[in-house]
Amino acid sequence: MAVGKSVQRKDGVAKVTGKARYTDDFSMPGMRVAKYLRSPIAHGRVVRIDTTRAEKLPGVDGVFTFHDVPKNTFATAGHPFSLDPEHGDVADRLLLTDCARFQGDEVAVVVTRDDMTAHKALSLIEVEYENLKPLIRMQDVLAHDAPELHKRSRNLIKEHAYTVGGDYKKAIEESDHLIEGVFETQIVQHCHLENHSSYAYMDDMDRIVIVSSTQIPHIARRIVSEALNFPLSRIRVIKPHIGGGFGNKQDVILEPMVAFLTLKLGGIPIRLKLNREECMVGTRVRHPLHIQVKAGISQEGNLNVIDYDAVSNTGAYASHGHSIVSAAAAKTHYMYPRAIYRCRARTIYGNFPSAGAMRGYGSPQIIFAVESLMEDAARKLGIDSVDFRLKNAVKPGDINQIGKRPIVTAGLIECIEKGRDLIDWDKKRATLQTPQTGPVRKGLGIACFSYLSGTYPSCVEPASARLILNQDGSVNLLVGATEIGQGSDTVFAQMTAETLGTSYEKVHVVSNQDTDVTPFDSGAYASRQTYVTGQAVMRAASELKDKILAYAGVITGMNPGELDIDEGNIVIAKSRQTAVMSLKDLSMDAYYNKNRGGQITSEVSCKALTNAPSYGCTVVDLEIDIPMCKVKINEIYNIHDAGVIINPLTSEGQIHGGMAMGIGAALFEVLMVDPDSGRIYNNNMLDYKVPTIMDIPGLGSGFVQTHEPTHPYGSKSLGEPPVLTPAPAIRNAILDATGIAINELPMNPKTLFTHFKNAGLL
Amino acid sequence: MNRNISFTINGKSVTLLVDVRQSLLEVLREHGYTSVKEGCGVGECGACTILIGNTPVDSCLYLAVWADGRTIRTVEGETRNGDLSEVQQAYLDAGAVQCGYCTPGLIMTSTAFVEKNKDNTSISRHDIKRAHAGNLCRCTGYETIIRAVEQCLTPEKPNQDTHCKCKAESGE
Ligand code: FES
Ligand code: FES
């Protein structure tokens, strides 16, 4: 049995020995470097650009500006193509722009023999801008006389609204209490340790080969084709090991440019690699949201209505645009599905770095608002926060009102109970006196989430797997799904071993995706791979098994139905003891017998036509030093219902990482943009407070294992969910400790100081 | 301006011609020591950590010419005769590896710490944290990194954690 075990990661040894190669660890003779010229202002038109001096510099191969790039706009979001034109992403991007829309926008690019020449060349380009008013604040963006960031956009990308679950008005009237709140979330940056990097060259068949740190090689291939008007079949994208993505590499950022440059310069290899300062602003960030929420509650604590109105700011270019807030709204509904659910959402532009996908995809923001408001509701009614959630949480059999489908597995109640017990909630609650006094106060907090496993039915969910039986009896597994550190290769190998009846060690995963080689899959996002790609892997493995047993029947003359595979041997199914032959012997016969056989392979490409909600919560015990405006977390746990856990150790790792990212967003992280000038203050990891080991407390985790029937091994999503609830749980615990509701993020000393001061605590 | 420098790296003596403006990070990577990663190039992240003597150093902030006459260790040299070092093994056992980009640098920091404190019985979780404060990791939340180092310092009882109940529920 391989599923359910903490087997060692497939890429573990490669990574601890430094052998794992990332995009920058490859080079080619004659490779050039490309570098962007970035605008120093947040909003302005280029009125003059002169590249003559740069072009004359020795060592410069080319200088390109807006005038040189294709004039068709393209969309960068890493979504599979949508056959419904209404559902497509907004195409608002050119390779280089003549209108700067954020500080750092790309107005020119140089290709040179080395970094130093590139810097020199950039300094020789002369640019004159006509300044336009930077639009950062929501009210400035939406002002009727605001300049448009993109023509005919009115600075609004999209809006939508719906009410599901029943009669909204009636439910509001029947509610004894209406609780309201306004919440603001900040700009967060992914800060994966490996910056974005790509290189490209043209091969001997005049095809463009792109090697890139991407979560979505197959999607990148299509988008490059669209951006350059270049045939898709003449583009090949290779993804080596990647140093984290968290959604920031679920967007096509450098690939179209490197492809364009090599195409322009006769196919020479060109590397375009961002430094940290560029990566902080020139890639993607998390959407800041402004959310008004209202809840209607009965005296007994029943949640009748959740209603919210969210404005999401996508920054300079649409990227994932409105999908963020709309996906988050849909996913959050699974938590309290018995309540009437109304949502209105708008996505607007603004003159700051483009917001795109980031772990949780809008849900961290929406859940911060909803779970903070639930806390306020419980307090208003005098009901314990845990009890209030237990009363309203989803139960199996509840109906999702948006899709009108029953919710099959839902372990949220058990997660809450487990969290409560782990942290000793009842005992601590009983000893905490309220209200507290003194400079250091203690608080308990909880917050819950719901999420989905993939994007169906919003988007298509394709996955493929190919298995090859090797001569030595082991198998090679090829998937188009990408390992980005989350451990997908490992769980795919476990699933293969489990279904095939061979050992985990005998399954080799071809980890580096190559669109020429690995079969089609849309890639790593939406916590989809274990759930969606897992289905293709399971089917490919059972197909391979059938073929192997059929061939064993051919060799032995036995009935394949009476045979099975166990520990890499063909055995009699009933006794399981007698080995008929080893997989190796069978395979050698298949490869080399002159009169029969052939390489035994299987290949499955399929689409997930289901989705499954996953659930969980964070519970936290903290203390707050009021004069110091400092939060100290004593204990924190994330409890997850992610269905059956395929690999406990790597799953726990996902939880820890998500929790740390959630704590970072709760207490420290904000990309600071000047609201008047659009200037970015902290485009580096010293001034942007990505948590160090000193900032993160001991992290605890737990699972409630439901068995999801739509997945072959019972599994659901886990990659993103851990990031969703630390912030609201911490906010609720601060409220518990101080009586002060902090409805904005991050809750760093600066924010806390303002609130404490206003409340007279300081 | 170029200059010849000589140093010992992973037990081997080398002499290289380097541009005096180059960082040791750039020079090592150019010569195939690609385990040494660049995450920022300006001393923020620790992905480029190597050992100079016994001291973890951000190689991006260290001029290559300063390495003249020094002894350097990178993670490539930590595997002896095909066996992983104790720290490398502990990282695997603890699940301290995800994307792996921070891993070579972190392992070098841990290696220096473990070697220095092998016989020190009073090492606390806080001491481990302080020693690793210069290495960012965005994937693991650091919990498993601390466990890996604890495993090296108390190999006979790798699963004990007296500091919090974190592990009570971990895994199954
Ligand atoms: S690359 Fe040296 S500290 Fe980041
Ligand atoms: S494992 Fe990815 S940064 Fe540490």
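Residues numbered from 1 in each chain as written. Chains lettered and ligands numbered in written order. Predicted model: local features only at pLDDT ≥ 70, side-chain atom pairs only at ≥ 80, totals over all residues. Heavy atoms only, no water.

Visitor: What exactly am I supposed to notice about the overall build of chain A here?
Guide: Helix and strand content of chain A: 19 helices and 29 strands. Along the first, second and third principal axes, the C-alpha set of chain A runs to 90 × 75 × 45 Å. Put simply, chain A has 762 residues, and 65% of those count as buried. Residue pairs at least 24 apart in sequence account for 80% of intrachain contacts in chain A once pairs closer than 6 positions are excluded. Counting only carbon and sulfur atoms, one obtains 51% of the accessible surface of chain A, whose full area is about 26300 Å². Mean positive and mean negative side-chain charge positions of chain A (80 and 85 charges, respectively) differ by 2 Å. (Helix = DSSP H or I, 4+ residues; strand = E, 2+ residues; numbered from the N terminus. Buried < 20%, exposed > 50% of the residue type's maximum accessible area, 1.4 Å probe, protein only. Contact = heavy atoms within 4.5 Å. Areas by Shrake-Rupley, 256 points an atom, 1.4 Å probe, with all protein chains shown as cover. Lys, Arg positive; Asp, Glu negative; His and termini not counted. Charge placed at Lys NZ, Arg CZ, Asp CG, Glu CD.)

Visitor: Sorry if this is basic, but what is going on with the overall build of chain B here?
Guide: On a plain count of helices and strands, chain B comes out with five helices and five strands. Traced from its N-terminal end to its C-terminal end, chain B shows the element sequence β-β-α-β-β-β-α-α-α-α. Taken over 172 residues, chain B has a buried fraction of 58%. Intrachain contacts of chain B at a sequence separation of at least 6 include 53% that bridge at least 24 residues. Looking at chain B as shown, the accessible area adds up to about 7200 Å², and 46% of this sits on carbon and sulfur atoms.

Visitor: Please explain empty space enclosed by the protein as it appears in this structure.
Guide: Using a probe with the size of a water molecule, rolled over the atoms, empty space left in the structure can be pinpointed. All names here are of chain A. Taken as a whole and assessed by the stated rule, the structure comprises eight cavities of 30 Å³ or more. Contributing to the lining of the largest cavity are 40 residues, with Q486, S527, Q654, G719 and E720 lying nearest its centre. If you count residues domain by domain, the lining of the largest cavity takes at least three from each of domain 1 (12-16 + 457-607) and domain 3 (363-453 + 612-758). Approximately 150 Å³ is the volume attributed to the second largest cavity. Lining the second largest cavity are 16 residues, with R286, P364, A665, A727 and L745 sitting closest to its centre. The set of elements that each furnish at least two residues to the lining of the second largest cavity consists of α10 (363-381) and α17 (648-667). Top contributing element to the lining of the second largest cavity by residue count: α17, with three residues. A class-by-class count of the residues in the lining of the second largest cavity yields nine nonpolar, four polar and three charged. (1 Å grid on protein atoms, 1.4 Å probe; cavity = no way out; pocket = protein on both sides within 12 Å on 5 of 7 lines; lining within 4 Å. Points joined across faces, edges and corners; volume = space filled by probe spheres on them. Domains from an automatic or database assignment. Nonpolar A, V, L, I, M, F, W, Y, C, P; charged D, E, K, R; others polar.)

Visitor: What is the right way to read the interface of chain B and chain A from this model?
Guide: Interface extent is often summarised as the accessible area lost during association of the parts. Taken together, the 55 residues of chain B in the interface contact 63 residues of chain A. With both sides pooled, the region where chain B packs onto chain A buries about 4600 Å², and carbon together with sulfur makes up 59% of that total. At the junction of chain B and chain A, the tally comes to five salt bridges. The closest approach of N and O atoms between R29 of chain B and D25 of chain A, which form a salt bridge, is 2.7 Å. For the pair chain B and chain A, the number of links is 22 residue pairs in polar contact (both at pLDDT 80 or more). Within the residue set of the side of chain B that touches chain A, elements represented by two or more residues are α2 (86-94), α3 (103-117), α4 (125-131) and α5 (143-153) of chain B. In terms of residue count, the dominant contributor to the side of chain B that touches chain A is α2 of chain B (six residues). Across the side of chain B that touches chain A, the residue classes tally to 22 nonpolar, 17 polar and 16 charged. (Buried area = accessible area lost by both parts, 1.4 Å probe. Salt bridge = Lys/Arg side-chain N within 4 Å of Asp/Glu carboxyl O. Polar contact = N/O pair within 3.5 Å; in protein donor to acceptor, adjacent residues only side chain to side chain.)

Visitor: For this particular structure, what's the right way to read helix α19 (residues 749-758) of chain A?
Guide: Residues and elements named next belong to chain A. Inspection of α19 places T751, L752, H755 and F756 among the buried residues, and these make up the whole buried set. The buried side chains of α19 occupy one side of the element, clustering within an arc of 125° when seen end-on. In α19, the exposed positions angled more than 90 degrees off the buried face are occupied by K750 and N758. On its buried face, α19 sits against β27 (614-625), β28 (630-641) and α18 (726-738). Phi for G760, located one or two positions after α19, is positive at around 80°. (Arc of directions from axis to C-beta.)

Visitor: Sorry if this is basic, but what is going on with the domain arrangement of chain A here?
Guide: Looking at chain A, the domain boundaries give domain 1 (12-16 + 457-607), domain 2 (31-132) and domain 3 (363-453 + 612-758). The centre of domain 2 of chain A, based on its C-alpha atoms, is set 40 Å off from the matching centre of domain 3 of chain A.

Visitor: What is the right way to read the pairing of strand β11 (residues 235-239) of chain A from this model?
Guide: Two faces make up the sheet, and in a regular strand the side chains alternate between them. Residues and elements named next belong to chain A. Judged by how many residues are buried, β11 sits mostly within the fold: four of five residues are covered. Two strands pair when backbone bridges link them, and strand β10 (residues 208-212) and β11 are joined in this way by four bridges, in the parallel orientation. Following the sheet pairing, V211 is matched in β11 by I238. With respect to chirality, the unit in which β10 leads through helix α6 (residues 217-228) into the neighbouring parallel β11 is right-handed. With two bridges joining them, β11 and strand β22 (residues 513-514) adopt antiparallel strand pairing. Within the sheet, the bridge partner assigned to K239 lies in β22 and is Q513. (Pairing = 2+ DSSP bridges. Right-handed = clockwise from strand over helix to strand, strands pointing away.)

Visitor: Please explain α2 of chain B as it appears in this structure.
Guide: A turn of α-helix holds 3.6 residues, and therefore any two residues three or four places apart point the same way. Along α2 of chain B, the residues that are buried comprise V87, Q88, A90, Y91, L92 and A94 of chain B. In this structure, the buried side of α2 of chain B is in contact with α1 (12-16) and α17 of chain A together with α3 and α5 of chain B. Phi turns positive one or two residues past the end of α2 of chain B, at G95 of chain B, with a value near 75°.

Visitor: Just checking my understanding: could you explain the sheet that holds strand β5 (residues 106-112) of chain A for this structure?
Guide: Backbone-to-backbone hydrogen bonds join strands into a sheet, with any given pair of strands oriented parallel or antiparallel. Residue and element names in this part refer to chain A. The strand order across the open sheet built from eight strands is β3-β5-β1-β12-β9-β10-β11-β22, with neighbouring strands paired in mixed fashion. The sheet is open, and its two edges are formed by β3 (60-65) and β22, each paired on a single side. Set on the sheet, helix α3 (residues 115-123) makes contact with β1 (32-38), β3 and β5; between it and β1 the angle comes to about 30°. The sheet contacts of α6 involve β10, β11 and β22, and relative to β11 the element is tilted by about 145°. (Axes fitted to C-alpha atoms, helices over the stretch in contact; angles between N-to-C directions.)

Visitor: Just to check I follow, could you spell out the side chain of H755 of chain A for this structure?
Guide: All names here are of chain A. Positionally, H755 belongs in helix α19. H755 gets classed as buried once you look at its relative accessible area, which sits at 19%. Apart from the residues lying within four places of it in its own chain, the contact partners of H755 are I740, A741, I742 and E744.

Visitor: Please clarify how the nonpolar core should be interpreted in this entry.
Guide: Generally speaking, a soluble globular protein has its nonpolar side chains buried in company with each other. In this structure, I306, Y308 and I730 of chain A together with Y91 of chain B are the most contacted members of the largest nonpolar core, which totals 154 residues. The element contributing the most residues to this core is α10 of chain A, with ten residues. If sequence neighbours within four positions are ignored, I306 of chain A has contacts with V293, K294, Y336, A339, I340, Y341, R342, V370 and M374 of chain A. Within the second largest apolar cluster, 45 residues are counted, among which are A497, Y504, Y551 and L563 of chain A. (Core = buried A, V, L, I, M, F, W, Y, C linked by side-chain atoms within 4.5 Å.)

Visitor: Can you help me understand the pattern of salt bridges in this one?
Guide: Any two side chains of opposite charge can pair, on the condition that their charged atoms come close. Following the criterion strictly, the structure yields 59 salt bridges over all chains and no others. Among the ionic pairs, R138 of chain B bridges to E669 of chain A, the shortest N-O distance being 2.7 Å. Of this pair, R138 of chain B sits in the loop between α4 and α5 while E669 of chain A sits in the loop between α17 and β29 (700-703), on two different chains. For the pair shown, R138 of chain B and E669 of chain A are each scored as buried. Residue R147 of chain B is joined to E143 of chain B by a salt bridge in which the shortest nitrogen-to-oxygen separation is 3.5 Å. Of the two residues, R147 of chain B and E143 of chain B are both situated in helix α5; the distance of four residues between them amounts to about one turn of the helix. The class of E143 of chain B is buried, set by a relative accessible area of 0%.

Visitor: How should I be thinking about the packing of α10 of chain A against α18 of chain A in this particular structure?
Guide: Two quantities define a packed helix pair, namely the angle between the helix axes and the distance between the axes. All names here are of chain A. Contact pair α10 / α18: the axes reach a minimum separation of 8 Å and the direction vectors enclose 30°. In terms of orientation, α10 lies roughly parallel with respect to α18. Both α10 and α18 take part in a crossing whose hand is right-handed. Contact residues: α10 offers I367, F368, E371, S372, E375, D376 and R379, while α18 offers A727, P728, R731, N732, L735 and D736. (Parallel < 35°, antiparallel > 145°, perpendicular 65-115°, else oblique. Left-handed = near helix turned anticlockwise from the far one by under 90°.)

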